[in-house]
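# Notes for the structure review
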Amino acid sequence: KAGVTQTPRYLIKTRGQQVTLSCSPISGHRSVSWYQQTPGQGLQFLFEYFSETQRNKGNFPGRFSGRQFSNSRSEMNVSTLELGDSALYLCASRVGEDTGELFFGEGSRLTVL
Amino acid sequence: GDSVTQMEGPVTLSEEAFLTINCTYTATGYPSLFWYVQYPGEGLQLLLKATKADDKGSNKGFEATYRKETTSFHLEKGSVQVSDSAVYFCALTIMNRDDKIIFGKGTRLHILP
């Protein structure tokens, strides 16, 4: 069974640009969550989607947005990039919204110059 | 609000030493508790879990017991190996409320040969 797949794995952008990251969950998983990981702040929750609806949202500015498609694949978008957005962005899927175990992808490492 | 507090790292031990990584939580309700591990260059993966008080989760020689009276879920291993070097995250979720999974900041573990 294929795991959670995130693309791209690495990318470099400049301030002011925007970026879109993609996540394909494990087959059959309907919930996708996004996290930002930085050395200083640790793992911070961005948002969770279940059946194309945003179910939970973390404390991030509106520049961070996401969506989920009918096949459960998800994208997150960051507009007007800032230097502080440099981070590892992790996607995780789970079977349903009421199951605790998350399955993580390897992440997309974003560097903003 | 709900939160998870873990001991600060990095923790450096010699091979075959005894490991304890402390984790305490604050939650309204009855959380399920988890330990996740992140090996270098990878996403997080579930190490073990416990869903009710006095449950013991175990995997790969690691153990943690859900202690409701002390609101703790400390991770232990009797004899660590170099391959255990990783970042360890304690996490909680409260099912059937918002189902959000809350992570601690992570503890980096270095095992010296």
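Predicted model only: the values in this text are computed from it and were never measured. (Residues numbered from 1 in each chain as written. Chains lettered and ligands numbered in written order. Predicted model: local features only at pLDDT ≥ 70, side-chain atom pairs only at ≥ 80, totals over all residues. Heavy atoms only, no water.)

In this section: the overall build of chain B. In terms of helices and strands, chain B carries zero helices and 12 strands. Secondary structure of chain B in N-to-C order comes out as β-β-β-β-β-β-β-β-β-β-β-β. The principal-axis extents of the C-alpha atoms in chain B amount to approximately 45 × 30 × 20 Å. Sorting the 113 residues of chain B into buried and exposed places 46% on the buried side. Here the analysis covers contacts within chain B between residues at least 6 apart in sequence; of these, 56% occur between residues at least 24 apart. For chain B, the exposed surface amounts to about 5,400 Å²; the carbon and sulfur share of it is 49%. (Helix = DSSP H or I, 4+ residues; strand = E, 2+ residues; numbered from the N terminus. Buried < 20%, exposed > 50% of the residue type's maximum accessible area, 1.4 Å probe, protein only. Contact = heavy atoms within 4.5 Å. Areas by Shrake-Rupley, 256 points an atom, 1.4 Å probe, with all protein chains shown as cover.)

Attention now moves to the interface of chain B and chain A. Contacts between the two partners involve 20 residues from chain B, matched on the other side by 23 residues from chain A. When the two sides are added together, the surface that chain B and chain A hide from each other amounts to roughly 1,600 Å², 52% of it contributed by carbon and sulfur. Of all residues in chain B, Leu44(B), Asp99(B) and Ile101(B) bury the most surface against chain A, accounting for 27% of the area lost on that side. Breaking the side of chain B that touches chain A down by element, the ones donating at least two residues are β5 (32-38), β6 (44-50), β10 (86-93) and β11 (101-103) of chain B. (Buried area = accessible area lost by both parts, 1.4 Å probe.)

Here we take up the sheet that holds strand β8 (residues 74-78) of chain A. What links the strands of a sheet is backbone hydrogen bonding, and the strands pair in either a parallel or an antiparallel sense. Residues and elements named next belong to chain A. One open sheet holds the four strands; their spatial order is β1-β3-β8-β7, and the pairing between them is antiparallel. For this open sheet the edge positions go to β1 (5-7) and β7 (64-68), each flanked by a neighbour on one side alone. Pairwise comparison of adjacent strand axes, ignoring direction, gives a mean angle of 15° for this sheet. Summarising the sheet, strand β3 (residues 19-24) and β8 pair through five bridges and their orientation is antiparallel. Within the sheet, the bridge partner assigned to Val19 lies in β8 and is Val78. (Pairing = 2+ DSSP bridges. Axes fitted to C-alpha atoms, helices over the stretch in contact; angles between N-to-C directions.)

The quantities given are spatial measurements derived from coordinates; they are silent on function.
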